Amino acid sequence: MKKNLIINGENVEIELLVNRDSCVEFTFKNKVYKFQANSVNDFETFLSGTHCTKVIHDTVNFVVDGKSVSITNPLRSRAKSNSDSAGSMISPMPGKILKVLVKTNDNVKKNDPLVVMEAMKMEHTIKASHDGKVIAIHCSDDQLVDGGVQLIELESEES
């Protein structure tokens, strides 16, 4: 069964072969991936199979081998508030803001680093989802934040 996902803003298609009992098998770019998920706690899962690794996650944001990945189902994302396309940069999970890298009215390009935060003993860089201007900063250095909290607002260059 073909499935579409949005991975870091890019719409990709996978062929889902198995999805049951914490086991997922799929093909992507003609390569087969197979995972068995074993939850450690609400924010950590150990994946065994094609790649054995510990994954830190919330509902759509994942840290795999130290790399931040955002994965959403395009059909589900339409039903939720579309805060990312409106220019919001959201904290992936509870953590501490280490450094705010931008100021209000700064112009940024897509993927420019905006905020560095620490969560689950790892550093996460929140990046710009699109080109634009920083219109609001809702966090500061050394601040503790919850997951899913709006950190930065960007105004699109088209606005």
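Just above, that's the structure.
Given the structure is predicted, the values throughout are model-derived calculations rather than measurements.

Reading the values: rules and limits
Residues numbered from 1 in each chain as written. Predicted model: local features only at pLDDT ≥ 70, side-chain atom pairs only at ≥ 80, totals over all residues. Heavy atoms only, no water. Pairing = 2+ DSSP bridges. Helix = DSSP H or I, 4+ residues; strand = E, 2+ residues; numbered from the N terminus. Axes fitted to C-alpha atoms, helices over the stretch in contact; angles between N-to-C directions. Core = buried A, V, L, I, M, F, W, Y, C linked by side-chain atoms within 4.5 Å. Buried < 20%, exposed > 50% of the residue type's maximum accessible area, 1.4 Å probe, protein only. Lys, Arg positive; Asp, Glu negative; His and termini not counted. Salt bridge = Lys/Arg side-chain N within 4 Å of Asp/Glu carboxyl O. Contact = heavy atoms within 4.5 Å.

Engineer: I would appreciate a short explanation of the pairing of strand β5 (residues 44-49) in the present structure.
Structural biologist: It is a general feature of regular strands that their side chains alternate between the two faces of the sheet. As judged from the six bridges shared by strand β4 (residues 31-41) and β5, these two strands associate in the antiparallel manner. Looking across to β5, one finds that N38 is bridged to F46. The loop that links β4 with its antiparallel partner β5 comprises two residues. Bridge count between β5 and strand β6 (residues 53-57): four bridges; the pairing is antiparallel. Bridge pairing links L47 to T53 in β6.

Engineer: Mind showing me how you'd approach the sheet that holds strand β7 (residues 61-64) here?
Structural biologist: Two modes of strand pairing occur in sheets, parallel and antiparallel, and in both the strands are linked by backbone hydrogen bonds. In space, the eight strands of this closed barrel follow the order β1-β2-β3-β4-β5-β6-β7-β8, with antiparallel pairing throughout. Strand-to-strand, the axes of this sheet are offset by a mean angle of 40°, without reference to chain direction.

Engineer: Sorry if this is basic, but what is going on with the nonpolar core here?
Structural biologist: The nonpolar side chains of soluble globular proteins are, as a tendency, buried together. Counting 20 residues, the largest nonpolar core has I97, V108, L114, V115, L151, I152 and L154 as the members making the most contacts within it. Secondary-structure elements contributing two or more residues to this core are β10 (95-100), β12 (113-119) and β16 (150-156). With four residues, the single largest contributor to this core is β12. I14, F35, L47 and V55 belong to the second largest nonpolar core, which has seven residues in total.

Engineer: Quick question: what am I supposed to make of the side chain of E25 here?
Structural biologist: Residue placement: E25 occurs in strand β3 (residues 23-28). Buried and unpaired, E25 has K34 as its nearest opposite-charge partner, separated by 4.2 Å. Residues contacting E25, with those up to four places away along its chain left out, are E15, L16, L17, V18, V32, Y33 and K34.

Engineer: Is there a simple way to think about the pattern of salt bridges in this case?
Structural biologist: Oppositely charged side chains may form a pair once their charged atoms are brought near each other. This model, assessed by the stated rule, comprises four salt bridges. For K2, the salt bridge is made with E13, and the minimal N-O distance between the two is 4.0 Å. Here the residue K2 occupies a position in strand β1 (residues 2-7), and E13 occupies one in strand β2 (residues 10-20), the gap between them amounting to eleven residues. Between K2 and E15 there is a salt bridge, with the nearest N and O atoms lying 3.3 Å from each other. With K2 in strand β1 and E15 in strand β2, the pair connects residues that are 13 residues apart, well separated along the chain. Accessibility expressed as a relative area gives 22% for E15, which makes it partly exposed. Each member of the salt-bridge network shares a partner with another, and the members are K2, E13 and E15.

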